[in-house]
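Observations on the three-dimensional arrangement
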Amino acid sequence: NATSIFVSWEVPILNDLNGILVNYSINYSGIEIDTVPRVIYLSNPNLTNQSITLIDLEEYTTYSINVSSYTKVGKGPDAILTHRTNQDVPTDIPTSFSANAISPNIINTTWEPPTAYHLGGVITSYTLTYTGRERHSELKTKILIVLNGSIYITPALTDLQEDTHYLISVRANTSVGAGPWTNLTVHTPEDVPSSSVRNLTTSTEGLNATSIFVSWEVPILNDLNGILVNYSINYSGIEIDTVPRVIYLSNPNLTNQSITLID
């Protein structure tokens, strides 16, 4: 597996033993990351091939391995080699994950790779998912490919809904598989309504000659793009040059609304 290395060797040339072989020492430590040097002693060695499996190593890490033979007098010269453990999935989340809504429809995201001890191998891509909570939008996924250590497309989320909490998640991938998710929630700001009020009607039935009754329905809720705070009613005469007037209705309800224009 990705945390083991199999090591094998042959006994030194018999004429170079210079005594009775009593044990071997196997010294090993990671090169790229600061691992604690370890040593294993094999007693009662045989005079043919010898082997051992080093375990509990770090994934995708190059180890320096030194094997030495001993007589009763002491240690002989080292045989030295290096070997890299296999890749595995990342064992930790991407670091410094942040997201910022720069407009009602765009969220910029940034992050750094998992720490060196938890990379598990070469990061080949990141998986980014996001979904709006209030509007039950579908889960969308972006696969961000890593080339030469850098993401080659900008991880910006676009075409988002206004005034919506988005759950955003990201994880790192190696050629072996995917690491754990990290996530956060970002709220997009409000915007102006994207559609007009519905069923706008006027009537003078039962009114005097200087009044008009006006009624309408709230815009489609998904098009409000925020909290409805008021309506404006602008009106002016067409045939004669009347002064344009405007009325603001605060604290509107989310059902039918009406007003009677007078004078």
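Residue numbers here run from 1 along each chain, matching the order of that chain's written sequence. Restriction of local features to residues with pLDDT of at least 70 applies here, the model being predicted, together with a cutoff of 80 or more for giving and counting side-chain atom pairs; totals for whole chains, interfaces and linings are based on all residues. Side-chain measures here rest on the full set of heavy atoms in the structure, leaving out hydrogens and waters.

What about the overall build of the chain?
To keep things clear, this is the line we draw: Strands here mean DSSP runs of E at least two residues long; helices mean DSSP runs of H or I at least four residues long; both are numbered from the N terminus. Radius of gyration means the value over C-alpha atoms here, while the globule rule gives 2.2 Å times the residue count to the 0.38 power. Between buried and exposed lies partly exposed: a residue is buried under 20% and exposed over 50% of the maximum accessible area for its type, with that area taken using a 1.4 Å probe on protein chains only. Any pair of residues with heavy atoms lying within 4.5 Å of one another is described as a contacting pair. Residue-level accessible areas treat just the shown protein chains as cover; the underlying method is Shrake-Rupley with a 1.4 Å probe. His residues and chain termini do not enter the charge count, which takes Lys and Arg as positive and Asp and Glu as negative. Where a charge lies is defined by one atom per residue type: Lys uses NZ, Arg uses CZ, Asp uses CG and Glu uses CD.
Along its length, the chain carries zero helices and 19 strands. For a compact globule of 263 residues, the expected C-alpha radius of gyration is about 18 Å, and the chain comes in at 36 Å, more than 25% above that figure. Oriented by its inertia axes, the alpha-carbon framework of the chain measures out at about 125 × 25 × 25 Å. When the 263 residues of the chain are sorted by exposure, 34% land in the buried category. The long-range share in the chain, meaning contacts at least 24 apart out of those at least 6 apart in sequence, stands at 59%. Accessible surface, the chain: about 15900 Å² in total, of which carbon and sulfur atoms supply 52%. Averaging the locations of the 11 positively and 24 negatively charged side chains of the chain gives two centres separated by 8 Å.

A few points about the sheet that holds strand 19 (residues 256–261)
This is how the line gets drawn: In this scheme, strands are said to pair when DSSP sees at least two bridges between them. Lines are fitted to the C-alpha atoms to define the axes, a helix being fitted only along its stretch in contact, and any angle between axes, read from their N-to-C directions, falls within 0 to 180 degrees.
Pairing is antiparallel in the open sheet, where three strands are placed in the order 15-16-19. Single-partner strands in this sheet number two, and they are strand 15 (198–203) and strand 19. Strand-to-strand twist of the sheet, defined as the mean angle between neighbouring strand axes without regard to direction, takes the value 15 degrees. The sheet contact formed by strand 15 and strand 16 (residues 212–217) spans four bridges and is antiparallel. By the bridge assignment, T201 is partnered in strand 16 with S215.

Overview of a nonpolar patch on the surface
Condition: Candidates for patches are residues over 30% relative accessible area with no salt bridge; among them, like charges are joined within 9 Å and nonpolar side chains (Val, Leu, Ile, Met, Phe, Trp, Tyr) within 5 Å. What counts as a salt bridge is simple: a side-chain nitrogen of Lys or Arg found within 4 Å of a carboxyl oxygen of Asp or Glu.
A contiguous nonpolar patch, built from I143, I145 and L147 and spanning about 260 Å² of accessible area, is present on the exposed surface. Mapped onto the secondary structure, I145 falls in strand 10 (residues 140–147).

Re the nonpolar core
The following threshold applies: To qualify as a nonpolar core, a set must consist of buried Ala, Val, Leu, Ile, Met, Phe, Trp, Tyr and Cys residues joined through side-chain atoms within 4.5 Å.
Counting 17 residues, the largest nonpolar core has I107, W111, Y126, L128, L157 and I168 as the members making the most contacts within it. Looking at this core, the elements that each hand over two or more residues are strand 7 (95–103), strand 8 (106–112), strand 9 (125–132), strand 10 and strand 13 (165–173). No other element matches the four residues that strand 13 contributes to this core. Excluding residues that lie within four positions of it along the chain, I107 makes contacts with A99, N100, A101, P155, A156, L157, L160, Y166, I168, V186 and T188. Counting 16 residues, the second largest nonpolar core, distinct from the first, contains V7, Y24, L42 and I65.

Observations regarding the sheet that holds strand 12 (residues 156–157)
Pairing is antiparallel across the open sheet formed by three strands, whose spatial order is 7-8-12. Pairing within the sheet leaves two strands with one partner each, and these edge strands are strand 7 and strand 12. One ladder, built from two bridges, connects strand 8 with strand 12; its direction is antiparallel. Counted as the bridge partner of N108 is A156 from strand 12.

Focus: the packing of aromatic side chains
Put simply, the rule is: Two rings belonging to Phe, Tyr or Trp (six-membered ring only in the last case) form a pair when the distance between their centres is within 6.5 Å. Interplanar angles under 30 degrees mark stacking, angles over 60 mark edge-to-face geometry, and anything in between is tilted. Lysine and arginine charges are scored as sitting over a ring when NZ or CZ, respectively, is within 6 Å of the ring centre and within 35 degrees of the ring normal.
As enumerated under the stated definition, the model contains five aromatic pairs in all. Between F97 and W111 the ring centres are 6.1 Å apart and the planes differ by 75 degrees, which places this aromatic pair in the edge-to-face class. In this pair, F97 sits in strand 7 while W111 sits in strand 8, placing the two residues 14 residues apart along the sequence. Note on accessibility: F97 and W111 belong to one class, buried. Lying across the ring of Y60, R84 places its NZ or CZ 4.4 Å from the centre.

Focus on unusual backbone geometry
The backbone of N18 sits at a positive phi, close to 60 degrees, despite the residue not being glycine. Residue placement: N18 occurs in the loop between strand 1 (5–10) and strand 2 (23–30).

So, the confidence of the model for the chain
The line we're drawing: pLDDT is a residue-level measure of predictor confidence that goes from 0 to 100.
Averaged over every residue, the pLDDT of the chain is 89; residues scoring 70 or more account for 97%. Confidence, read as mean pLDDT per element, is least for strand 11 (residues 150–151) in the chain (64) and greatest for strand 6 (residues 79–84) (96).

Re the side chain of T85
Applied cut-off: Here a polar contact means two N or O atoms within 3.5 Å. Within protein one must be a hydrogen donor candidate and the other an acceptor candidate, and residues neighboring in sequence count only if both atoms are side-chain atoms.
One can find T85 in the loop between strand 6 and strand 7. Overall, the relative accessible area of 3% leaves T85 in the buried class. Among the polar contacts made by the side chain of T85, one reaches the main-chain carbonyl oxygen of E58 at a distance of 2.8 Å. Among the polar contacts listed, one links the side chain of T85 to the backbone nitrogen of Y60, at a separation of 2.8 Å. When near neighbours in sequence (up to four residues on either side) are disregarded, T85 contacts A2, S4, I5, L57, E58, E59, Y60, T61 and Y63.

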